Amino acid sequence: MNEIIPTFGSMTPRPYQWEAIQNIKQFIREQFISFKSGGEVKNAILNASVSSGKSLIMGAVAAHCQRTNHRCMILTDIGELCDQNGQEAWSMDVKTSFYSAYVGQKSNYYNVVSATLGTVANALNRDYSTAETVPKVLLIDECDKVPIEDMEGEKKSQYAQVIEH
């Protein structure tokens, strides 16, 4: 049975992208259920090659978060990618704030925020200090840069600080 793939703004995912989007949405649902029942919340990694459309996939997941009224942050440590990811989300009809010194905006007005790591890490206790501002879904572009080994202990990377927060 062939499923009809929806269009997000001007973007239509390819079948392999739609499959990834559906799998990620299901994973998010499972994590919300686990969290609400007091269970452990897990992380997931989507391993996608260059030019596979990661920005489109993240934008579609962000669209899902927007529809379900969950805060979502698309995080990267590169300003150009922050801008690209946010613009991609906007082209998919996802109202997106930017929280990035590189982009020149520090806003978390919309439920979806495209952000750079350093800018967010420096504002955790100021602009991300309430349940209304902390994202429920964190999508990290270039997540291979997240140093998993420093998630525990005293010296923590900015990624670890943001994830823990």
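Here the structure is shown first, and the text comes after it.
Quick summary incoming for the structure in this document. (Residues numbered from 1 in each chain as written. Predicted model: local features only at pLDDT ≥ 70, side-chain atom pairs only at ≥ 80, totals over all residues. Heavy atoms only, no water.)

Some thoughts on the pairing of strand S1 (residues 72–76)
Right, on to step 1. Taking burial as the measure, the five residues of S1 include five buried ones, the bulk of the element.
Right, on to step 2. Neither face of S1 is exposed, since Cys72, Ile74 and Thr76 on one face and Met73 and Leu75 on the opposite face are all buried.
Right, on to step 3. Across five bridges, the pairing between S1 and strand S4 (residues 112–116) is parallel. Paired with Thr76 across the two strands is Thr116, which belongs to S4.
Right, on to step 4. Judged from the four bridges that link them, S1 and strand S5 (residues 137–140) form a sheet pairing that is parallel. (Buried < 20%, exposed > 50% of the residue type's maximum accessible area, 1.4 Å probe, protein only. Helix = DSSP H or I, 4+ residues; strand = E, 2+ residues; numbered from the N terminus. Pairing = 2+ DSSP bridges.)

Examining the packing of aromatic side chains
Right, on to step 1. In total, this model carries four aromatic pairs according to the counting rule given.
Right, on to step 2. Measuring from centroid to centroid gives 5.2 Å for Tyr99 and Tyr128, while their planes differ by 70°, and the two rings are edge-to-face. You can see Tyr99 sitting in strand S2 (residues 96–100) and its partner Tyr128 sitting in the loop between helix H5 (124–127) and S5, a full 29 residues away along the chain.
Right, on to step 3. Taking relative accessible area as the criterion, Tyr99 reaches 1% and is therefore assigned buried.
Right, on to step 4. Relative to Tyr110, the ring of Tyr109 lies with its centre 5.0 Å away and its plane at 80°, an arrangement referred to as edge-to-face.
Right, on to step 5. Of the aromatic side chains, those joined through ring pairs into one cluster are Trp90, Tyr109 and Tyr110. (Phe/Tyr/Trp six-rings, centres within 6.5 Å; stacked < 30°, edge-to-face > 60°.)

It is worth stressing that arrangement in space is one thing and function is another; only the former is reported here.
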